[in-house]
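# Descriptive analysis of the structure
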Amino acid sequence: MKSYETEKLHPIHLIFLTYMLQSSVILFSMPRYVAEIIGTNGWVILLLFSGVVMFNIFLIQLVYKKGEGKTVFDIINRSLPTFFTYTLYALIAIVWALVAVVIAKQYIFIIQIISFPTTPSYYLLSMFMVLPFLLLLHPVYKMVRVSSVFFILAGITILLTVFVWPEFSFERLTTFFFKEADNPWNWNELLNIYSGFLGYEVCLLLIPYITKHSHLFRSFYLGNGFTTFVYVYTVVLCLGFYSFEQIKHVLYPTLHFFSYIEFPFLIRVENLVYSLFLVKALVTVTFFYWMSSEAVQQIIKVNKPSYLHISIIVMSILLTAPFNTRQEMEKVISFTGKAEMAIAFFLPLLLLLLLRRKRKVLV
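A brief report on the enclosed structure follows. Each chain carries its own residue numbering, running from 1 in the written order of its sequence. Where local features are concerned, this predicted model is filtered to residues with pLDDT of at least 70; where side-chain atom pairs are given and counted, the filter is 80 or more; whole-chain, interface and lining totals use all residues. Values reported for side chains reflect all heavy atoms of the structure, with hydrogen atoms and water molecules removed beforehand.

### Some points on the overall build of the chain
- Along the chain, the regular secondary structure elements total 15 helices and 0 strands.
- Note that the radius of gyration is over C-alpha atoms, with the globule rule given as 2.2 Å times the number of residues to the power 0.38. Against the 2.2 N^0.38 benchmark of 21 Å for 363 residues, the chain shows a C-alpha radius of gyration of 21 Å, consistent with a compact globule.
- Overall, the C-alpha framework of the chain stretches about 65 × 45 × 40 Å when taken along its three principal axes.
- For each residue, the accessible area found with a 1.4 Å probe, counting protein chains only, is set against the maximum for its type, and the residue is called buried under 20%, exposed over 50%, and partly exposed in between. When each of the 363 residues of the chain is scored for burial, the buried share is 54%.
- In the chain, the share of contacts with a sequence separation of at least 24, taken over all contacts with a separation of at least 6, comes to 85%.
- Note that accessible areas follow from Shrake-Rupley with a 1.4 Å probe, and for residues the cover is restricted to the protein chains shown. Of the roughly 17,000 Å² that the chain leaves accessible, carbon and sulfur atoms contribute 68%.
- In summary, the charge assignment counts Lys and Arg as positive and Asp and Glu as negative, without counting His or the chain termini. Note on charges: their place is set at NZ of Lys, CZ of Arg, CG of Asp or CD of Glu. Side chains of the chain carry 27 positive and 18 negative charges; the gap between the two charge centres is 15 Å. A run of DSSP states H or I qualifies as a helix once it reaches four residues; a run of E qualifies as a strand once it reaches two. Both are numbered from the N-terminal end. Here a residue-residue contact requires only that any non-hydrogen atoms of the pair lie within 4.5 Å.

### What to know about the packing of helix H5 (residues 82-114) against helix H6 (residues 121-136)
- To define axes, lines are fitted to C-alpha atoms, for helices over the stretch in contact only, and angles between the resulting N-to-C directions are given on a 0 to 180 degree scale. Between H5 and H6, whose axes approach to 10 Å, the crossing angle comes to 125 degrees. As far as their axial angle goes, H6 and H5 are oblique. For the pair H5 and H6, the crossing hand works out as right-handed. Mapping the contact onto sequence places Val-101, Ala-104, Lys-105, Tyr-107, Ile-108, Ile-111 and Gln-112 in H5 and Ser-121, Leu-124, Leu-125, Phe-128 and Met-129 in H6.
- In this classification, Asp, Glu, Lys and Arg are treated as charged, Ala, Val, Leu, Ile, Met, Phe, Trp, Tyr, Cys and Pro as nonpolar, and every other residue, Gly included, as polar. Of the residues in the contact of H5 with H6, the class split is 9 nonpolar, 2 polar and 1 charged. Here the word oblique covers every angle except those under 35 degrees (roughly parallel), over 145 (roughly antiparallel) and from 65 to 115 (roughly perpendicular). Each helix crossing is assigned a hand: it is left-handed if the near helix lies turned anticlockwise from the far helix by less than a right angle, otherwise right-handed if that turn is clockwise.

### Regarding helix H7 (residues 140-160)
- Between its first and last C-alpha atoms H7 spans 31 Å; for 21 residues at 1.5 Å apiece the expected length is 30 Å, and the two agree.
- Bend is computed residue by residue as the angle between axes fitted to the seven residues ending at the residue and the seven residues starting at it. Roughly 25 degrees is the biggest bend found in H7, and it falls at Ile-152.
- If you check which residues of H7 are buried, you get Val-140, Tyr-141, Met-143, Val-144, Ser-147, Ser-148, Phe-150, Phe-151, Ala-154, Gly-155, Thr-157 and Leu-160. Between the first and last residue of a helix there are one fewer steps than residues, each counted as 1.5 Å, and that sum is the expected span.

### Quick look at the environment of Leu-206
- As for its position among the elements, Leu-206 is in helix H9 (residues 203-206).
- Residue classification places Leu-206 among the buried positions, given a relative accessible area of 0%.
- With 79 residues separating them along the chain, Leu-206 and Val-285 place their C-alpha atoms 16 Å apart.
- For Leu-206, the residues in contact, after removing those within four places along its chain, are Leu-14, Leu-17, Val-140, Leu-216, Phe-220 and Trp-290.

### As for the pattern of salt bridges
- Think of a salt bridge as a Lys or Arg side-chain nitrogen and an Asp or Glu carboxyl oxygen that are within 4 Å of each other. Using the criterion set out here, one finds 4 salt bridges in the structure.
- Across the salt bridge formed by Asp-182 and Lys-248, the nearest N and O atoms sit 3.0 Å from each other. Taken as a pair, Asp-182 in the loop between H7 and helix H8 (187-194) and Lys-248 in the loop between helix H11 (244-247) and helix H12 (253-256) lie far apart in primary sequence, 66 residues in all.
- Owing to a relative accessible area of 5%, Lys-248 belongs among the buried residues under this scheme.

### Considering the nonpolar core
- Among buried residues, the Ala, Val, Leu, Ile, Met, Phe, Trp, Tyr and Cys ones that are joined through side-chain atoms within 4.5 Å form a nonpolar core. Counting 128 residues, the largest nonpolar core has Leu-46, Leu-206, Phe-287, Tyr-289 and Trp-290 as the members making the most contacts within it.
- It is H5 that contributes the most residues to this core, 18 residues altogether.
- The residues contacting Leu-46, other than those within four sequence positions of it, are Met-30, Ile-193, Phe-197, Thr-228, Tyr-231, Val-232 and Val-235.

### Description of the environment of Val-302
- Turning to its location among the elements, Val-302 is positioned in the loop between helix H13 (269-296) and helix H14 (305-319).
- If we skip the residues at most four places from it in the chain, Val-302 touches Gln-297 and Leu-308.

### Observations concerning the packing of aromatic side chains
- Note on aromatic contacts: the rings of Phe and Tyr and the six-membered ring of Trp form a pair at centre separations within 6.5 Å, being stacked when their planes are under 30 degrees apart, edge-to-face when over 60 apart, and tilted otherwise. All told, the structure shown has 21 aromatic pairs when counted by the stated rule.
- A ring pair is formed by Phe-287 and Trp-290, whose centres lie 6.1 Å apart and whose planes are at 75 degrees; its orientation type is edge-to-face. Taken as a pair, Phe-287 and Trp-290 lie in helix H13 at a separation of 3 residues, close to a single helical turn. The two residues Phe-287 and Trp-290 agree in class, both being buried.
- Among the aromatic residues, those joined into a cluster by ring pairs are Phe-16, Tyr-19, Phe-151, Phe-226, Phe-229 and Tyr-233.
- Throughout this description, the term charge over a ring refers to an Arg CZ or Lys NZ atom that lies within 6 Å of the ring centre and within 35 degrees of the ring normal. Between Lys-280 and the ring centre of Tyr-19, over which it is positioned, the NZ or CZ distance is 4.0 Å.

### What to know about unusual backbone geometry
- Unlike most non-glycine residues, Asn-41 shows phi in positive territory, near 55 degrees.
- Note that Asn-41 resides in the loop between helix H2 (30-37) and helix H3 (44-66).
- Look at Glu-68: it is not a glycine, yet its phi comes out positive at around 55 degrees.

Laid out in structure tokens, this is it:
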């Protein structure tokens with residue numbers, strides 16, 4: 001039986017963690033996606049997506065209540081045959097590992113475009129992957145606390161947007177809603193936007209690490225609310241900064257408008273922004289690898305988790321090695337995002353079904 005450090009998870013740490021996990025690299029391009037797919041004032045759809053996330057977190061909360069604090073793996077192991085559980089764990093471990101490496105590759109792709117166009121991507125990726133591996137060597141409660149420190153660094157990017165306000169105009173937002181989209185209401189692309197809210201499913205695996213004072217689910221509700229505010233704020237800011245036609249043709253609108261900010265001591269502010277964004281990508285990548293490792297350890301018992309961590313990292317890199325161009329990566333991102341969504345929704349439903357069946361058997 002594992003020994004869990006339950007007293008270390010504070011609600012404020014969990015709120016910060018939720019934001020760090022949800023707001024991934026898609027934040028740089030989300031305003032363009034919203035403009036292309038939904039149209040003018042498309043930020044409204046983000047509120048609907050946030051509501052869906054709240055419902056999904058509620059389902060996970062029901063699992064916690066009906067399971068009386070049992071871990072996800074305990075519920076599954078006691079209810080399903082070994083062959084089925086091993087297959088399920090292998091699938092979700094692969095998906096979570098792929099999500100981690102895809103987010104890392106997204107971030108490396110941006111770095112390569114802006115600062116290191118001649119540096120091989122595999123070299124940058126290898127350097128980046130050292131950081132999540134080092135974090136994975138620590139207990140999860142320390143990883144959560146580190147993410148809180150990183151949140152402070154990431155918050156600097158939000159504060160810097162104040163210097164863009166003078167260029168903002170409400171007239172660019174217009175009085176219309178959902179007009180002039182190039183690819184209106186494409187469900188495939190809408191799901192890609194929703195993938196920017198994912199990451200909250202980590203609370204499924206944090207259940208054994210909490211006490212009643214951790215307020216896990218309240219913290220994730222608040223964290224998702226803060227993420228929604230940041231997304232809506234960012235999209236509205238971009239829609240009021242660029243013309244509507246312009247925003248549809250800027251690859252990374254959120255990152256690009258920082259190039260208009262200049263300080264006497266710092267000319268290229270966008271370099272600072274994507275450098276600070278490293279900590280957000282690092283937290284997300286680390287926790288998805290941790291989730292993948294937790295699933296794999298239900299199949300293979302290992303004495304030294306560090307070997308398992310490095311094996312998962314290497315395998316995920318090898319699986320995505322053939323996909324290097326932006327177009328190829330977008331297809332992989334779309335696939336992994338949908339697979340992650342399926343796990344986030346159907347895993348809590350499966351757990352609720354298993355708990356209900358177990359109660360009927362006991363009765």
